[in-house]
Amino acid sequence: MSDFPPLRNDLLLRAARGKPTDRAPVWVMRQAGRYLPEFRKVRESHDFFDVCRTPELATEITLQPIRRYTGLVDAAIIFSDILVIPQAMGMEVLMQPGPYFPYPLVTPADISDLSDVVDVEKELKYVFDAITQTRKELDGEVPLIGFCGAPWTLFAYMIEGGGSKTLQLAKTWLFKYPEESKALLLRIADVCVDFLVGQVKAGAQLLQIFDSWAGELSPHDFSEFSYPTLVHISTNVRKRLADENLPSTPMTLFAKGANHALGFLADNAGYDVLGLDWVIDPAEARRIVGDKVALQGNMDPNVLYGGRDAIEAAVKRMCEGFRASKCGWIANLGHGITPGVDPEDLRWFFECVQKYSGKQSSKS
């Protein structure tokens, strides 16, 4: 691993490990994104995946919100995309403007078109290079988060060929070809493990797994198809980090929509932090998980369109819900920030989190 500047703000890492903090660390999903004019300026002359594959550009975009909100935001998340894993496995993925697979998997026979062996050091070196460069240029201001998509979410994209309201094609595979589906899900999980370990080697200080479509599965199907791969990832990443004398790195699981599984995941999944969407009250989530994990979330991203009074009221309510417990928590949105948000309204969100989450120290 490279030598990096010492970290000056470790709020995120302490909270992720369940330790008390004077205020909640805060960042937002997709914080390096289209709502920022400086991001749109870069994209005027560069294709989306060209930015991902160019470490200098990915570093620049990762740093943009850190520069804009210096002193207000407590983490950077590397600019990349969950679909770099299907690309590394041999699939073509385009952004038009949403993800599009010209040749999705139609039947299990198509699995033979995927690469037999995925060398992440070769196929995803550009992500690792971007992480190392970003970590150096952050100069210790905040920690750097690495991430990947969860196997079920990636599997669904690979079969649907893009976004879907019903996931009919992906679910057909689960029900019609359950064993072939489980084998492919595990194959994806193995690539996720290699990719996440590589990100820690490159300098990532926390890892997040995005199971964006977890809520599309029934509780039974989530436990049958998604959950085993999530445990496979947490178990094997931790083992590899220990075996290779790499830093013990906190891991966050964001299984959007799977609030039915929060207690089970806290007990069994092996993650330090569980991310929450906005359809569960933070105090209820804490009651369910006890003190076993830190929590992250969970304001509805659309509140950012509601004006400053609405934002302040929602943040105050969110902080009161999380503050009911002394356990670790990380302030965030309940999903990614959307492109139409005024950057100054996000600034207000960050300022309100600092204002209201800081009151937890008086109750500790």
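First things first, this report covers the structure right here in the doc.

### Focus on the overall build of the protein chain
For the protein chain, the count of helices and strands is 15 helices and nine strands. Computed over C-alpha atoms, the radius of gyration of the protein chain comes to 19 Å, within 12% of the 21 Å expected from 2.2 N^0.38 for 364 residues, which places it in the range of a compact globule. Projecting the C-alpha coordinates of the protein chain onto the three principal axes gives extents of approximately 60 × 45 × 45 Å. Taken over 364 residues, the protein chain has a buried fraction of 58%. Here the protein chain carries 39 positive and 47 negative side-chain charges, and the mean point of each set is 6 Å from the other.

### Description of the environment of Glu312
Within the element layout of this structure, Glu312 appears in helix α14 (residues 308-323). Glu312 sits 158 residues away from Leu154 along the chain, and the two C-alpha atoms are 35 Å apart.

### As for the packing of helix α8 (residues 151-160) against helix α9 (residues 168-176)
Between α8 and α9, the least distance of the axes is 8 Å, while the angle of their chain directions is 110°. As judged from the angle between their axes, α8 and α9 are roughly perpendicular. By crossing handedness, the relation of α8 to α9 is classed as right-handed. Facing α8, whose interface residues are Trp152, Phe155, Ala156, Ile159 and Glu160, α9 presents Gln168, Leu169, Ala170, Lys171, Trp173 and Leu174. Tallied by class, residues from the contact of α8 with α9 come to eight nonpolar, one polar and two charged.

### As for the pattern of salt bridges
Summed over the entire model, instances satisfying the criterion amount to 19 salt bridges. One continuous salt-bridge network, built from bridges that share partners, spans Glu38, Arg68, Glu344 and Arg347.

### Description of helix α13 (residues 282-289)
Listed in full, the buried residues belonging to α13 are Pro282, Ala285, Arg286 and Val289. Each buried residue of α13 sits inside an arc of 100° when the element is viewed along its axis, so together they form one side. Next to the buried residues of α13 lie α12 (262-268), β7 (273-275), β8 (294-299) and α14. Looking at where α13 begins, the residue whose side-chain oxygen comes 2.9 Å from the main-chain nitrogen of Ala283 is Asp281. Gly290, located one to two residues past α13, shows a positive phi value of around 65°.

### Quick notes on helix α15 (residues 343-357)
Here α15 is 15 residues long and its end C-alpha atoms lie 21 Å apart, about the 21 Å a rise of 1.5 Å per residue gives. Of the residues making up α15, those classed as buried are Pro343, Asp345, Leu346, Phe349, Phe350, Cys352, Val353, Tyr356 and Ser357. For α15, the elements touching its buried residues are α2 (37-43), α4 (55-68), β8, α14 and β9 (329-333). The distance from a side-chain oxygen at the start of α15 to the backbone nitrogen of Glu344 is 2.8 Å, and the residue carrying that oxygen is Asp342.

### Some remarks on unusual backbone geometry
In this model, Gln96 is joined to Pro97 through a cis peptide bond whose omega is -10°. As for its position among the elements, Pro97 is in the loop between β2 (94-95) and β3 (99-100). In this model, Arg30 sits at a positive phi of 65°, which is unusual for a non-glycine residue. Note that Arg30 resides in the loop between α1 (11-16) and α2.

### Some thoughts on the side chain of Thr132
Tracing the backbone shows Thr132 in helix α7 (residues 125-138). Thr132 sits in the buried class, given a relative accessible area of 17%. Not counting residues within four places of it along the chain, the set of residues in contact with Thr132 comprises Ser2, Phe4 and Ala202.

### Some points on the pairing of β9
Among the five residues that make up β9, five are buried, leaving the element largely enclosed by the rest of the structure. Taking every second residue as pointing to the same face, both faces of β9 are buried, with Trp329, Ala331 and Leu333 on one and Ile330 and Asn332 on the other. What joins β8 to β9 is α14, and the crossover it makes is right-handed.

### Here we look at the packing of aromatic side chains
Within this structure, the stated rule accounts for 14 aromatic pairs. Aromatic pair Phe48 and Phe79: ring centres 5.5 Å apart, planes at 65°, arrangement edge-to-face. Of the two residues, Phe48 is situated in helix α3 (residues 48-53) and Phe79 in the loop between β1 (76-77) and α5 (84-88); the sequence distance between them amounts to 31 residues. What makes Phe79 buried here is its relative accessible area of 7%. Centroid distance Tyr157 to Trp213: 4.4 Å. Interplanar angle 25°. Geometry classified as stacked. Placement of Tyr157 in helix α8 and of Trp213 in the loop between β5 (206-211) and α11 (219-243) is noted, with a sequence separation of 56 residues between them.

### Describing the sheet that holds β8
Taking strand neighbours across the sheet as the criterion, the seven strands line up as β1-β4-β5-β6-β7-β8-β9 in an open arrangement whose pairing is parallel. Since the sheet does not close on itself, it has two edges, and those belong to β1 and β9, each with one partner. Where strand β6 (residues 251-255) meets β7, two bridges bridge the pair, whose relative direction is parallel. Residue Leu253 lies in a different strand from β7, and its bridge partner there is Leu274.

Parameters at a glance
Residues numbered from 1 in each chain as written. Predicted model: local features only at pLDDT ≥ 70, side-chain atom pairs only at ≥ 80, totals over all residues. Heavy atoms only, no water. Helix = DSSP H or I, 4+ residues; strand = E, 2+ residues; numbered from the N terminus. Rg over C-alpha atoms; globule rule 2.2 N^0.38 Å. Buried < 20%, exposed > 50% of the residue type's maximum accessible area, 1.4 Å probe, protein only. Lys, Arg positive; Asp, Glu negative; His and termini not counted. Charge placed at Lys NZ, Arg CZ, Asp CG, Glu CD. Axes fitted to C-alpha atoms, helices over the stretch in contact; angles between N-to-C directions. Parallel < 35°, antiparallel > 145°, perpendicular 65-115°, else oblique. Left-handed = near helix turned anticlockwise from the far one by under 90°. Contact = heavy atoms within 4.5 Å. Nonpolar A, V, L, I, M, F, W, Y, C, P; charged D, E, K, R; others polar. Salt bridge = Lys/Arg side-chain N within 4 Å of Asp/Glu carboxyl O. Arc of directions from axis to C-beta. Polar contact = N/O pair within 3.5 Å; in protein donor to acceptor, adjacent residues only side chain to side chain. Expected span 1.5 Å × (residues − 1). Right-handed = clockwise from strand over helix to strand, strands pointing away. Phe/Tyr/Trp six-rings, centres within 6.5 Å; stacked < 30°, edge-to-face > 60°. Pairing = 2+ DSSP bridges.

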